[in-house]
Each structure stands twice: as structure tokens, then as C-alpha cells.
Amino acid sequence: MEGLNTSNLTKIKTKIKNANMQLLAKAVEALIKQRGATAVTKVRDYSGREQTVELGLKDSTFTRGIGFTIENGEVKLVGDTWQISPSHVTELQNQLNQHYTHQAVTSTFTQLGYQVVSNKVKEDIYIKAYAFS
């Protein structure tokens, strides 16, 4: 029957603007580690159609994979979220935002000559920057 399968690959915006691919790659790497996921270069929809992605992950929630891309400076998730709870998508977006922000702040402080120490407590990441004269 046509129309029953609403599965397709879509792009979902995140809050990350003016994104940098190096920072995104590091953030996705941290996200893969946090989620116990596997890195992938292809995502597929429910029907099995595949799309190549530069960065992606696959785990027990996103079994068809979810990709990450930058378009017009914005980070977007690429994948099929059919039959995946919107709360799981929001959780992934929040985790990505946290890891990307961590990478951006750490990189900026390091470029300014600070020594940076990061510490993760539960779901929060704390950053300390030290300047030595």
C-alpha cells in the first residue's frame, strides 16, 4: 500500500552556527565514544536506500545510522528518524551541541595560549583554562 511508509532521509537543523568541519569531526568522535556507537560513512532509510555521509554514527537507537553535515554554516543531522522517538533525536542534538561547544571553547583557549583541562561529571563537561606568565 502506498503512503503508509513515511520513511525518508531528512535533514534536521541544530543550534550550531558558523560551524567548522574539524571541530565537528572531533565532536562526532566524542559523541561516538559517549554513546558506544560505531562510525559510519553511509546512512539508510527504512526502505534501505543509502546516502553517503562524511561523518556519521550507528548505535542501538539510530540503527540505520545518522550523519552530520555542514550546510551554509549550520550543522545538520542527516538520517531517517521514522519510528525513532523525537526525544531520542533531541537527546542526540543536545549531546552533539555539548561536544561541539566543548571542542570550540577548548580550541579557542588553546589558540590564545591557555592550558586547558576538561573534566566530565555525569553529563556535564567542565573546562578550566590556565594562563601562565
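Residues numbered from 1 in each chain as written. Predicted model: local features only at pLDDT ≥ 70, side-chain atom pairs only at ≥ 80, totals over all residues. Heavy atoms only, no water.

Asker: How should I be thinking about the packing of aromatic side chains in this particular structure?
Answerer: Inspection of the entire model under this criterion finds 2 aromatic pairs. Judged by centre distance (4.5 Å) and plane angle (80°), the rings of Tyr46 and Trp82 are edge-to-face. With Tyr46 in the loop between β3 (42–44) and β4 (50–52) and Trp82 in the loop between β7 (74–79) and α2 (86–111), this residue pair connects regions lying 36 residues apart in the sequence. Centre to centre, the rings of Phe109 and Tyr114 are 5.2 Å apart; their planes meet at 80°, and the pair counts as edge-to-face. (Phe/Tyr/Trp six-rings, centres within 6.5 Å; stacked < 30°, edge-to-face > 60°. Helix = DSSP H or I, 4+ residues; strand = E, 2+ residues; numbered from the N terminus.)

Asker: So what exactly am I meant to see when it comes to the nonpolar core here?
Answerer: Here is a general trend for soluble globular proteins: nonpolar side chains tend to be buried in one another's company. Among the nonpolar cores identified, the biggest contains 22 residues, and Leu24, Leu57, Phe68, Leu92 and Leu96 are the most heavily contacted of them. Broken down by secondary-structure element, the contributors of at least two residues to this core are α1 (21–35), β5 (55–58), β6 (66–71), β7 and α2. Top element by residues in this core is α1. It accounts for 6 residues. (Core = buried A, V, L, I, M, F, W, Y, C linked by side-chain atoms within 4.5 Å. Buried < 20%, exposed > 50% of the residue type's maximum accessible area, 1.4 Å probe, protein only.)

Asker: Whenever I open this one, unusual backbone geometry confuses me. Can you help?
Answerer: Leave glycine aside and you will find that most residues have negative phi; peptide bonds, for their part, are mostly trans. One non-glycine residue, Asn72, lies in the positive phi region at around 50°. Structurally, the position occupied by Asn72 is in the loop between β6 and β7. We classify Asn72 as exposed; its relative accessible area is 81%. The backbone of Gln83 shows a phi angle near 70°, a positive value even though the residue is not glycine. Take Gln83: it is sitting in the loop between β7 and α2.

Asker: Would you take a moment to explain a nonpolar patch on the surface for this structure?
Answerer: On the surface, Val117, Tyr130 and Phe132 cluster together into a nonpolar patch covering about 320 Å² of accessible area. Checked against the element boundaries, Phe132 lands in the segment after β9 (124–130). The class for Phe132 is exposed, based on a relative accessible area of 62%. (Patch = residues over 30% accessible without salt bridge, like charges linked within 9 Å, V, L, I, M, F, W, Y side chains within 5 Å. Areas by Shrake-Rupley, 256 points an atom, 1.4 Å probe, with all protein chains shown as cover. Salt bridge = Lys/Arg side-chain N within 4 Å of Asp/Glu carboxyl O.)

Asker: Please clarify how the pattern of salt bridges should be interpreted in this entry.
Answerer: Opposite charge on two side chains permits pairing when their charged atoms draw close. In the structure shown here, the tally under the stated rule is 6 salt bridges. Among the salt bridges present, the one from Arg35 reaches Asp59, with a minimum N-O distance of 2.6 Å. Here Asp59 lies in the loop between β5 and β6 and Arg35 lies in helix α1, a separation of 24 residues in the sequence. Among the residues examined, Arg35 registers a relative accessible area of 18% and is labelled buried. For Lys76, the salt bridge is made with Glu71, and the minimal N-O distance between the two is 3.5 Å. Glu71 gets classed as partly exposed once you look at its relative accessible area, which sits at 24%. A single salt-bridge network, built from bridges that share partners, covers Lys11, Glu71 and Lys76.

Asker: What is the right way to look at the sheet that holds β7 in this model?
Answerer: Paired through backbone hydrogen bonds, the strands of a sheet run either parallel or antiparallel to each other. Read from one edge of the open sheet, 5 strands run β1-β7-β6-β5-β2, paired in antiparallel fashion. Because the sheet does not close on itself, it has two edges, and the strands there are β1 (10–13) and β2 (38–39). Pairing of β1 with β7, which is carried by 4 bridges, proceeds in the antiparallel orientation. If you follow Thr10 over to β7, its bridge partner there is Gly79. Along the sheet, α1 contacts β2, β5, β6 and β7; its crossing angle with β5, the most-contacted strand, is approximately 10°. Set on the sheet, α2 makes contact with β1, β5, β6 and β7; between it and β7 the angle comes to about 145°. (Pairing = 2+ DSSP bridges. Contact = heavy atoms within 4.5 Å. Axes fitted to C-alpha atoms, helices over the stretch in contact; angles between N-to-C directions.)

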